[in-house]
Amino acid sequence: NAGVTQTPKFRILKIGQSMTLQCAQDMNHNYMYWYRQDPGMGLKLIYYSVGAGITDKGEVPNGYNVSRSTTEDFPLRLELAAPSQTSVYFCASSLIGQYSNQPQHFGDGTRLSIL
Amino acid sequence: QKEVEQNSGPLSVPEGAIASLNCTYSDRGSQSFFWYRQYSGKSPELIMSIYSNGDKEDGRFTAQLNKASQYVSLLIRDSQPSDSATYLCGGQGAQKLVFGQGTRLTINP
């Protein structure tokens, strides 16, 4: 049982480049989330999804896009990388979600540097 | 006002003492609360969850919830150096789990 798998673990991008951070879960969770965490700071929600085909913005969505074509996968797209997007990105998933008592399960994170 | 607020610390506690971490929330509809521990460079890991008013104990950890005061706390008894980490408080709202900014805890030998 792999849980939540994120790839890649590390990446360095040049300003203006694009990339997709991959996230997959094998727990049949309906809710999935993307967070970013800057050094010494808490988690900020970028986007979340309540099920396949449904996504919604979180606290800091600008500069990012997501899609959810399957229950298992929730990729995060950076179209024009900027230095301000240098951060650690965590993907998480949970069952149900709405006023739920089910915790989130986190992936190991992707460390992204924009130079 | 942030939906979930924590004192960012750092909080320094001597080994063997009780560490007390606090969290307040603004969404009265939040029903479930979670405490995650995060070591430097690692992902958050769940250590406690609480849904009902009162105390919930698990080993050296006790979570406390007071919905009238919109207050959640985590007590760590007999603190160990391995408890040194950032502790994140999360409140489950209608659509998403909202985290506080985290409290950095240091246990001094």
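Preceding this paragraph is the structure being described.
Residues numbered from 1 in each chain as written. Chains lettered and ligands numbered in written order. Predicted model: local features only at pLDDT ≥ 70, side-chain atom pairs only at ≥ 80, totals over all residues. Heavy atoms only, no water.

(A) Representation of the overall build of chain B within the structure. Broken down by element type, chain B carries zero helices and 11 strands. Walking chain B from its N terminus toward its C terminus, one meets helices and strands in the order β-β-β-β-β-β-β-β-β-β-β. The C-alpha atoms of chain B give 13 Å as radius of gyration, which agrees with the globular expectation for 109 residues (13 Å, within 12%). Reported as C-alpha extents along the three principal axes, the dimensions of chain B are approximately 40 × 30 × 20 Å. Across the 109 residues in chain B, those meeting the buried criterion constitute 44%. Counted over contacts in chain B with a minimum sequence separation of 6, partners at least 24 positions apart contribute 52%. For chain B, the exposed surface amounts to about 4900 Å²; the carbon and sulfur share of it is 46%. One finds the centroid of the 10 positive side-chain charges in chain B at a distance of 5 Å from the centroid of its 10 negative side-chain charges. (Helix = DSSP H or I, 4+ residues; strand = E, 2+ residues; numbered from the N terminus. Rg over C-alpha atoms; globule rule 2.2 N^0.38 Å. Buried < 20%, exposed > 50% of the residue type's maximum accessible area, 1.4 Å probe, protein only. Contact = heavy atoms within 4.5 Å. Areas by Shrake-Rupley, 256 points an atom, 1.4 Å probe, with all protein chains shown as cover. Lys, Arg positive; Asp, Glu negative; His and termini not counted. Charge placed at Lys NZ, Arg CZ, Asp CG, Glu CD.)

(B) Molecular detail of the sheet that holds strand S1 (residues 4–7) of chain A. All names here are of chain A. What the four strands build is an open sheet, ordered S1-S3-S8-S7; its pairing is antiparallel. Looking at strand neighbours, the two that pair on one side only are S1 and strand S7 (64–66), the edges of this open sheet. Across the sheet, the mean angle from the axis of one strand to that of its neighbour is 20°, orientation sign disregarded. Two strands pair when backbone bridges link them, and S7 and strand S8 (residues 76–78) are joined in this way by three bridges, in the antiparallel orientation. Among the inter-strand pairings, Val66 is bridged to a residue of S8, identified as Leu76. (Pairing = 2+ DSSP bridges. Axes fitted to C-alpha atoms, helices over the stretch in contact; angles between N-to-C directions.)

(C) Region of the structure containing the state of the cysteines. All names here are of chain B. Per the stated rule, a full pass over the model turns up two disulfides over all chains. There is a disulfide in this structure between Cys23 and Cys89, and the S-S distance comes to 2.1 Å. In this structure, the disulfide formed by Cys23 and Cys89 twists by about -70° around the S-S bond and is classed as left-handed. Here the residue Cys23 occupies a position in strand S3 (residues 19–25), and Cys89 occupies one in strand S9 (residues 85–92), the gap between them amounting to 66 residues. (Disulfide = S-S within 2.5 Å.)

(D) Quick peek at the interface of chain B and chain A. Contact residues are listed per partner, giving 24 residues for chain B and 23 residues for chain A. Interface area, chain B with chain A, both sides summed: about 1800 Å², of which 55% is carbon and sulfur. At the junction of chain B with chain A, the criterion picks out zero salt bridges. Taken together, chain B and chain A are joined by six residue pairs in polar contact (both at pLDDT 80 or more). Take the side of chain B that touches chain A: its biggest share by element is four residues, from strand S4 (residues 32–38) of chain B. (Buried area = accessible area lost by both parts, 1.4 Å probe. Salt bridge = Lys/Arg side-chain N within 4 Å of Asp/Glu carboxyl O. Polar contact = N/O pair within 3.5 Å; in protein donor to acceptor, adjacent residues only side chain to side chain.)

(E) The environment of Pro61 of chain A, seen in detail. Residues and elements named next belong to chain A. Mapped onto the secondary structure, Pro61 falls in the loop between strand S6 (54–57) and S7. Taking the C-alpha atoms as reference, Pro61 lies 9.9 Å from Tyr35; in sequence the two are 26 residues apart. The residues touching Pro61, leaving out its near neighbours within four places in the chain, are Ile46 and Tyr47.

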